Amino acid sequence: MPRSKKFRRARLIVIVLVVLLVAGAGYGGYRGVAAVRASFPEVDGTVKLAGLSAPVDVKRDANGIPQLYADTSEDLFRAQGYVQAQDRFWEMDVRRHITAGRLSEMFGDSQVETDSMIRTMGWRQVAQKEFDTVLGADTKKNLQAYADGVNAWLAEHPGGASASLEYSLLGVVNGDYEPEQWTPVDSVSWLKAMAWDLSGNLQEEIDRSLLAQDFGPDKIDELYPDYPFARNGTIVKTGTVNGTAYKPADGSTPAGGGTGTAAGTGTAQGAAATKAVLKDVTDRIDALPELLGRNGQGIGSNSWVVAGSHTTTGKPLLANDPHLGPGLPSVWYQMGLHCRTVSPTCQYDVSGFTFAGMPGVVIGHNKDIAWGLTNLGADVTDLFLEKVTGPETYLVDGKEEKFELRKETIKVAGGEDRTITVRTTTTGAPLISDPSTEQQNVGKYAPNGTSAPDRGTGGYGVALQWTALIPGKTMDAVFALDRAKGWEDFQKAAADFAVPAQNLIYADAKNIGYQAPGYIPVRGKGDGRYPAPGWDSAYRWKKDPVPFSALPWSLNPSSGYIVTANQAVVDASYKYALTQDWEYGTRAKEITDQIEARLKNNGKISPDDMQEMQLDNTSILAKTLVPMLLKVEIDDPYVREAQDLLKDWNYHQDADSAAAAYYNGVWRQLLTLAFGQKFPADLRAEDNCLLVREQADPTKPDSKSRIVTECGTRDPGRAQPDGGDRWTEVVRQQLEKPDSTWWTYIDSQHKEQKGLDNLLREAMTNARQELTSLLTKDVTTWSWGRLHKLELRERTLGSDDSSIASGAVHKLLNRGPYRLSGGSAAVDAAGWNAAAGYQVDWIPSMRMVVDLNDLDASRWVNVGGASGHAFHENYNDQTDVWLKGKLLTWAYSPDAVEKATKHKLTLTNG
């Protein structure tokens, strides 16, 4: 994230510090090594931890993954807080400053806009309400015990080098900074960050509105085509709804669930909504830190579960690999939480993946059940255009209503405090167009229809309605999942999993299942595809969300397996509108086809099969597109040499494949020619400059049309067309229309050309030239991995390359680049944004395969490692394993954990 001007002014001091540290480590200098190692955790012997009722054992394997053993739940979570702080406190500290809108206190005035946006949304306030009024007593007790453990560690490491290398670097320019005590609300607030990065179609809502400036509804619909239900299917077969109870079409008798009729249709109101305000809101969103990955369409995950009747082990197998943004330390933290004896006073025996700063386990298994998560993609955000009539009022149904107002003071390291006023509608939607360094400029281009109020001189404001701003019980759900003993417990836990809405898959020794949870709104008018008119109360959300009992579920479907990969959950006959913006099911269809093929050919699926399927990097669209590319006549032997690479290609996007490199180069050029050239600057990348014709001004007699250079304005990582799963469906449909107007383009001579074959020829020519400049002239030396690289960057001080100092700091904190196989719409989803380049933007952030026949035979791997300390042996030790597609043995039973233990620390009361 960007750092303050004060930080940049101090770059020479930082360089000196870096040189000292590196020299010390390189030549064994005592001071350099000591400065780095001072923050490493104690992993052997005995340490006192006040408040424990009995000793807690912390057993770490060679990868530093901790397994905790305690006699009470309170002791267990107190120890979890202590151990996570040992490994990851810098990460935890930064995260809580993000979710509280307090980054400026650490990094200075460059973070004021980010803090303003998060303060406006009020993440911290909602988390506080959850803790105060919604969460259960046991959950609060666990959260407090966790906080006590963190604070016990913090008392021993009050800041500076004894806490982590990053604090030493920060201290050079912000020497007054000292971490505060951890609170339970710091943990709960992280759920808001999860929800933000997995919040559904907010960016699509904005992008459609920006596209409406240049395209009509029919063209926009071509860019957001209907989901291919017939080809790619749904997670569950859509059942029936009786009242509010969902009855599966293919599964067991209801244990609590339901569905209905057709979803409502959309509205054109707001379709051409204010370019100025949406551009401003997009800029605010782009400025927010990426904690899990880039918000919006394209980021997904895979999970699937196979019944014991179809496995070689005779018991279910469950796989999961969430696709999130890369970084160091990993977004995930592996650990086991074990009660020596499970009882009412100590209720946990669970192992899996969680987040540093949050107690419990989010994905994993206990002794009875296993579960995984993928993003459901429900539409849980809506933008509302508001007719602001004064500093404190806005218009609804022809009458003025008053905003709820609150003041927020942002403290700035090395600078003056900033105070903002947050305005919130009576529906609880904050006006997110307010937090801007410029005067509010909204509604400038919005049409004034018969139902729209006059825009006035101030224009329309934009308010955000979002389910995560409603206090929920997701933290209760996490602990309930960890304790669950069977399907009924699992469903009860899912009922509290409010945000982010996730696909939950399930397995126990005899059963497999699926449950869709989440707080999903029921709209009045409108379908959430475009910003809604806030001045018309008919568009407001209904008081109650979709009932949990009506959300889709399945138990032991006749297929014997369940696949979730962000595809549609149900078809259009379902009663409630979950979203209009599903992922398009490319990965889900490929996984399903592979399961079916294995069952047909081998009869059974093994744990090795599950692992191998996670590494499938096939480009599905290439099977359609490559034969068309090979049919195009190429006269230039220079280009034909590259075209020939595709002749014997197996469509696998291996890192060492020259054909994969060229194909993806052609794909990028195709998208640019067919779509990127035509998009408004607001959607194009900042470095994407085009020659466009500026029309004459009819109000000026001497005005003439002219050719001007117009550059994009969007952060490259969020630019369109990004080439994700939606674009595979867009192109697939347009390939069936050789005369589509999308195949009209401007060639390298700035002349207009038409026709699919011509565009494909131009794309192949441009790709040959681009890859020659990026790689070499010799196509036999090309490889996909040389283009498609992953850099693991530390998410704070390692992410800014704007100064000499930061470059030196990066060498300390970052790792890579690594050459990767895979692609955006492949099962092995090493995603990249075709509008920006080939750099990897999201990855399978972890992989796991759970064997319900023998939990000790389960497997897992993380990107990075357990430690957040840059020179610790477990900082990045799992990345090489992950790169090779391998998994680590996942010890669970006491005997297996003991056998794998390399370090043992005992925490005792003191």
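It should be noted that the structure appears before, not after, this text.
Along each chain, the written sequence defines residue order, and numbers are assigned to residues from 1. With the structure being a predicted model, the display of local features is reserved for residues of pLDDT at least 70 and the display and counting of side-chain atom pairs for 80 or more, all residues being used for whole-chain, interface and lining totals. Remark: hydrogens and water are excluded; side-chain values derive from all non-hydrogen atoms of the structure.

### Here we look at the packing of helix 7 (residues 123-134) against helix 10 (residues 184-197)
When two helices pack together, their arrangement is given by the angle between the helix axes and the distance between those axes. Between helix 7 and helix 10, the shortest axis-to-axis distance is 8 Å and the interhelical angle comes to 125°. As far as their axial angle goes, helix 10 and helix 7 are oblique. The two elements helix 7 and helix 10 cross, and the hand of that crossing is right-handed. Across from Trp123, Arg124, Val126, Ala127, Gln128, Glu130 and Phe131 in helix 7, the residues of helix 10 making contact are Pro184, Val185, Asp186, Val188, Ser189, Lys192, Ala193 and Trp196. Each residue belonging to the contact of helix 7 with helix 10 can be placed in one class, and the counts come to 9 nonpolar, 2 polar and 4 charged. In this analysis, axes come from line fits to C-alpha atoms, helices being fitted only over the stretch in contact, and the angle between any two N-to-C directions falls in the range 0 to 180 degrees. Runs of H or I in DSSP of at least four residues are treated as helices and runs of E of at least two as strands, each being numbered from the N terminus. Comment on the angle field: the value is read as roughly parallel under 35 degrees, roughly antiparallel over 145, roughly perpendicular from 65 to 115, and oblique elsewhere. Take the far helix as the reference: if the near one is turned anticlockwise from it by less than a right angle, the crossing is left-handed, and if turned clockwise, right-handed. Contacts: residue pairs with any heavy atoms within 4.5 Å of one another. Residues are grouped as follows: nonpolar covers Ala, Val, Leu, Ile, Met, Phe, Trp, Tyr, Cys and Pro; charged covers Asp, Glu, Lys and Arg; every other residue, Gly included, is treated as polar.

### Notes on the pattern of salt bridges
Whenever Lys or Arg places a side-chain nitrogen within 4 Å of a carboxyl oxygen from Asp or Glu, that contact is recorded as a salt bridge. The tally for this structure, following the rule as stated, stands at 42 salt bridges. Its salt-bridge partner being Arg96, residue Asp93 comes within 2.9 Å of it at the nearest N-O pair. Note that Asp93 and Arg96 are positioned in helix 4 (residues 73-99) at a spacing of 3 residues, about one turn of the helix. Of the two residues, Asp93 and Arg96, neither departs from the other in class, the shared state being buried. Remark: exposure states derive from per-residue accessible area (1.4 Å probe, protein chains only) relative to the maximum for the residue type, with buried under 20%, exposed over 50%, and partly exposed in between.

### A closer look at the environment of Arg406
Tracing the backbone shows Arg406 in strand 15 (residues 404-410). Linking Arg406 and Thr424, residues 18 residues apart in sequence, is a C-alpha distance of 8.6 Å. Not counting the four nearest positions on each side in its chain, Arg406 is found in contact with Arg119, Thr120, Gly122, Gln125, Ile420, Thr421, Val422 and Thr424.

### Examining the state of the cysteines
By definition, disulfides here are pairs of cysteine sulfur atoms that lie within 2.5 Å. This model, assessed by the stated rule, comprises 2 disulfides. Disulfide pairing places Cys339 opposite Cys346 at an S-S distance of 2.0 Å. Its torsion about the S-S bond being -85°, the disulfide of Cys339 and Cys346 is classed as left-handed. Take Cys339: its relative accessible area is 6%, and that puts it in the buried class. Paired through a disulfide, Cys689 and Cys711 show a sulfur-sulfur distance of 1.9 Å. Across the S-S bond linking Cys689 and Cys711, the dihedral sits near 105°, which makes this disulfide right-handed. With Cys689 in strand 23 (residues 689-694) and Cys711 in strand 24 (residues 706-711), this pair connects stretches of sequence that are 22 residues apart. In the protein, the bonded cysteines, taken in the order they occur along the sequence, pair up as 1-2, 3-4.

### Some remarks on unusual backbone geometry
Following Val499, the chain continues to Pro500 via a peptide bond in cis, the omega torsion being -10°. Note that Pro500 resides in the loop between helix 16 (487-494) and strand 18 (502-508). Here the bond from Gln720 into Pro721 is cis, since omega is 0°, no more than 30 degrees from zero. When you line up the elements, Pro721 lands in the loop between strand 24 and helix 22 (725-734). Phi angles above zero are rare outside glycine, and Asp397 is one such case at about 50°.

### Considerations on the pairing of strand 12 (residues 381-390)
Buried residues dominate strand 12, accounting for 9 of its 10 residues. DSSP-based pairing: two strands are paired if at least 2 bridges between them are found. Sheet topology note: the strand 12/strand 17 (residues 460-466) ladder contains 7 bridges and is antiparallel. When the sheet's bridge partners are listed, Thr381 is paired in strand 17 with Trp466. As paired strands, strand 12 and strand 20 (residues 532-533) are joined by 2 bridges and run parallel to one another. Within strand 20, the position partnered with Phe384 by the bridge is Ala532. In this sheet, strand 13 (residues 393-396) lies alongside strand 12 in antiparallel orientation, the contact comprising 2 bridges. Residue Val388 lies in a different strand from strand 13, and its bridge partner there is Tyr394. The loop that links strand 12 with its antiparallel partner strand 13 comprises 2 residues.

### Re the sheet that holds strand 1 (residues 45-48)
Strand order in this open sheet of 11 strands is 1-34-2-3-8-9-10-11-18-19-21, and the pairing throughout is mixed. The two strands at the open ends of the sheet, each matched to only one other strand, are strand 1 and strand 21 (553-555). Averaged over all adjacent pairs, the angle separating strand axes in this sheet is 15°, with direction ignored. Contacting strand 1, strand 2 (56-60), strand 3 (66-70), strand 8 (333-339), strand 9 (349-354) and strand 34 (903-908), helix 4 crosses the sheet at an angle of about 155° to strand 8.

### Focus on helix 18 (residues 607-614)
Working note: α-helix, 3.6 residues per turn, so residues spaced by three or four point in the same direction. Counting buried positions along helix 18 yields 6 of 8 residues, so the element is predominantly enclosed. Taken together, the buried positions of helix 18 are occupied by Pro607, Asp609, Met610, Gln611, Met613 and Gln614. In this structure, the buried residues of helix 18 make contact with strand 6 (301-306), strand 7 (317-324), helix 17 (586-601), strand 31 (846-851) and strand 32 (859-862).

### Examining the packing of helix 4 against helix 8 (residues 137-156)
At their nearest, the axes of helix 4 and helix 8 sit 7 Å apart, and the two run at 50° to each other. The pairing of helix 4 with helix 8 is recorded here as oblique in orientation. In this structure, helix 4 crosses over helix 8, and the sense of that crossing is right-handed. Along its contact with helix 4, which presents Ser73, Glu74, Phe77, Arg78, Gln80, Gly81, Tyr82, Gln84, Ala85, Gln86, Phe89 and Met92, the element helix 8 presents Lys141, Asn142, Ala145, Tyr146, Asp148, Gly149, Val150, Ala152, Trp153, Leu154 and Glu156.

### Looking at a negative patch on the surface
Two distance rules govern patches: like charges are joined within 9 Å, and nonpolar side chains (Val, Leu, Ile, Met, Phe, Trp, Tyr) within 5 Å, applied only to residues with over 30% relative accessible area and no salt bridge. Each accessible area is a Shrake-Rupley estimate made with a 1.4 Å probe; only the visible protein chains count as cover when residues are assessed. As used throughout, the charge tally considers Lys and Arg to be positive and Asp and Glu to be negative, leaving His and the chain termini uncounted. Charged groups are reduced to one reference atom each: NZ for lysine, CZ for arginine, CG for aspartic acid, CD for glutamic acid. Together, Glu633, Asp635, Asp636 and Asp757 make up a negatively charged patch on the protein surface. Tracing the backbone through its elements, the reader meets Asp636 in the loop between helix 19 (622-631) and helix 20 (637-643).

### Observations concerning the packing of aromatic side chains
The rule is short: rings of Phe, Tyr and Trp, with Trp giving its six-membered ring, pair when the centres are within 6.5 Å, and they are stacked under 30 degrees, edge-to-face over 60, tilted in between. In total, this model carries 37 aromatic pairs according to the counting rule given. Among the aromatic residues, those joined into a ring-pair cluster are Phe89, Trp90, Phe107, Trp153, Tyr167 and Tyr177. A ring is considered to have a charge above it if a Lys NZ or an Arg CZ atom is located within 6 Å of its centre and within 35 degrees of its normal. One Lys or Arg, Lys59, reaches over the ring of Tyr69 and ends 5.1 Å from the middle of that ring. Positioned over the ring face of Phe131 is Lys140, at 5.5 Å from the centre of the ring.

### Side note on the nonpolar core
Looking at soluble globular proteins, one finds that nonpolar side chains tend to be buried together. Among the nonpolar cores identified, the biggest contains 235 residues, and Trp466, Phe675 and Leu907 are the most heavily contacted of them. Per-element tally for this core: the top contributor is helix 21 (residues 658-674), with 12 residues. Once you skip the residues sitting within four places of it in the chain, Trp466 turns out to touch Met121, Trp123, Lys192, Ala195, Trp196, Ser199, Val380, Thr381 and Trp541. Here, nonpolar core refers to any group of buried Ala, Val, Leu, Ile, Met, Phe, Trp, Tyr and Cys residues whose side-chain atoms link them within 4.5 Å. Of all hydrophobic cores here, the second largest spans 11 residues; its members include Val396, Phe403, Leu431 and Ala463.

### Here's the deal with the environment of Ala659
Looking at the secondary structure, you find Ala659 in helix 21. Linking Ala659 and Ala642, residues 17 residues apart in sequence, is a C-alpha distance of 8.2 Å. Beyond its immediate stretch of four places on either side in the chain, Ala659 contacts Leu645, Leu646 and Trp649.

### Some details on the side chain of Asp382
When you line up the elements, Asp382 lands in strand 12. Any N or O atom pair separated by 3.5 Å or less is treated as a polar contact, with the protein-specific requirement of one donor-capable and one acceptor-capable atom, and with residues adjacent in sequence counted only for side-chain atom pairs. Only 2.9 Å separates the side chain of Asp382 from the side chain of Trp541, close enough to count as a polar contact. Those residues in contact with Asp382 that lie beyond four places of it in its chain are Glu205, Ala463, Leu464, Gln465, Arg523, Gly528 and Trp541.

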